[in-house]
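# Tertiary structure, described
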Amino acid sequence: MTDTITIDDHQVPFEAGQTIMEAARAAGLYIEHLCYNPAYQPHGSCKLCSVKVDGVIQTACTMPAIAGQKVESDSPEMKSRRKTLVEMIFAEGNHYCAFCIKSGSCDLQALAYHLDMHENSFNHRYPVRVIDASHPDLILDHDRCIFCGLCIRASRDQDHKNVFTMAGRGKATRLAVNSETGKLGDSTIAADDAAAHVCPVGAIMPRRGAYSTPIGERYFDARGIDEIDNASGKL
Ligand code: SF4
Ligand code: FES
């Protein structure tokens, strides 16, 4: 007999070793997420995938599925908590969608639409962060980094280069580049590396091709974020 968990009203089978997120995805159920990408080990930093497991909040991307669990995901309370998290991310960085190259193809923006975020209840911080334009093929715009760590995992586990890491603590946390100068242009990253394409927002972007997709044809113009697999390199 296959073991199952209950996610909202669905009986969801799972295989030994699967997380709640993996079981949900295999069953075609969407749980909001930003730092999870099935190509990489989950690490549970964004908290967007928070669900209640037998009444206790857990991150679905890291919590193992255990037979008989009752998971609450699609409830008004969990949606509201996720919306608050998205508002916090928008308030923490400088996310000016109106002139961001990634607008229309950005997971963060698409999640905000999905969660009906029409305003922000938090005061914006307007951090001062310097753009790294030292690389011939890539731009690193720290203003838009949401610290999901996907570029770190992609560079470490797929490209085997370890170009990125997190530095600092608390609100001073920043994405740091592993090169003598700390600049992307002096690192070993190449335009076709996985780390150059995995960013779910507009932080690591190609230098060329900006605004080349007409409005109406951008990735999330055509579909909601709940309709996709975790997409990277959507620009
Ligand atoms: S640059 Fe992009 S992929 Fe890397 S941590 Fe920031 S948001 Fe995530
Ligand atoms: S997707 Fe699970 S914590 Fe980010």
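Predicted model, so just to flag it, every value in this text is computed and none were measured.

What follows covers the pattern of salt bridges. Throughout the structure, instances matching the rule amount to 11 salt bridges. Arg-208 is the salt-bridge partner of Asp-137, the closest N and O atoms lying 2.6 Å from each other. Here Arg-208 lies in the segment after β9 (204–206) and Asp-137 lies in the loop between α3 (107–114) and β6 (138–140), a separation of 71 residues in the sequence. For Asp-137, a relative accessible area of 28% gives the class partly exposed.

Let us now look at the packing of helix α2 (residues 76–92) against α3. Where α2 contacts α3, the axes come no closer than 10 Å and their chain directions differ by 140°. Between α2 and α3, the crossing angle belongs to the class labelled oblique. Crossing of α2 over α3 shows left-handed handedness. Every residue of α3 that contacts α2 at Lys-79, Val-86, Ile-89 and Phe-90 is listed here: Leu-108, Gln-109, Leu-111, Ala-112 and His-114. The residue inventory of the contact of α2 with α3, partitioned by class, reads six nonpolar, two polar and one charged.

The subject of this paragraph is the sheet that holds strand β3 (residues 50–53). Taken in spatial order, the five strands make up an open sheet running β2-β1-β5-β3-β4, and their pairing is mixed. At either end of the open sheet lies a strand with only one pairing partner, and these are β2 (10–13) and β4 (56–59). Within the sheet, the average angular offset between the axes of one strand and its neighbour, ignoring direction, is 35°. Here four bridges tie strand β1 (residues 4–7) to β2, and the two strands are oriented antiparallel to one another. Bridged to Ile-7 within β2 is His-10. Contacts between α2 and the sheet are confined to β3, β4 and β5 (70–72), with β3 contributing the most and set at about 150° to the helix.

A word on the site of ligand 1. The environment of ligand 1 is formed by 13 residues, the closest being Cys-145, Cys-148, Gly-149, Cys-151 and Cys-199. Considered class by class, the residues forming the shell around ligand 1 number 12 nonpolar, one polar and no charged.

Right, let's get into the side chain of Ser-179. Position of Ser-179 relative to the elements: it lies in the loop between β8 (174–177) and β9. Filtering out sequence-adjacent residues up to four positions away, Ser-179 remains in contact with Asp-186 and Ser-187.

Taken together, Tyr-96, Phe-99, Tyr-126 and Tyr-211 make up a surface patch of nonpolar side chains, about 520 Å² in accessible area. With a relative accessible area of 54%, Phe-99 lands in the exposed category.

Take α3 next. Judged by how many residues are buried, α3 sits mostly within the fold: six of eight residues are covered. For α3, the set of buried residues is Asp-107, Leu-108, Gln-109, Ala-110, Leu-111 and Ala-112. Looking at the buried positions of α3, the neighbouring elements they touch are α2. Looking at the residues trailing α3, positive phi occurs at Asp-116, about 60°.

Moving on: the packing of aromatic side chains. Applying the stated criterion across every chain yields a total of two aromatic pairs. An angle of 20° between the planes, with centres 5.6 Å apart, marks the rings of Tyr-96 and Phe-99 as stacked. Taking the centre distance of 5.1 Å and the plane angle of 85° together, the rings of Tyr-219 and Phe-220 count as edge-to-face. Residue Phe-220 is classed as buried on the basis of its relative accessible area, which comes to 13%.

Thresholds, definitions, all that
Residues numbered from 1 in each chain as written. Chains lettered and ligands numbered in written order. Predicted model: local features only at pLDDT ≥ 70, side-chain atom pairs only at ≥ 80, totals over all residues. Heavy atoms only, no water. Salt bridge = Lys/Arg side-chain N within 4 Å of Asp/Glu carboxyl O. Helix = DSSP H or I, 4+ residues; strand = E, 2+ residues; numbered from the N terminus. Buried < 20%, exposed > 50% of the residue type's maximum accessible area, 1.4 Å probe, protein only. Axes fitted to C-alpha atoms, helices over the stretch in contact; angles between N-to-C directions. Parallel < 35°, antiparallel > 145°, perpendicular 65-115°, else oblique. Left-handed = near helix turned anticlockwise from the far one by under 90°. Contact = heavy atoms within 4.5 Å. Nonpolar A, V, L, I, M, F, W, Y, C, P; charged D, E, K, R; others polar. Pairing = 2+ DSSP bridges. Near = heavy atom within 4 Å. Patch = residues over 30% accessible without salt bridge, like charges linked within 9 Å, V, L, I, M, F, W, Y side chains within 5 Å. Areas by Shrake-Rupley, 256 points an atom, 1.4 Å probe, with all protein chains shown as cover. Phe/Tyr/Trp six-rings, centres within 6.5 Å; stacked < 30°, edge-to-face > 60°.

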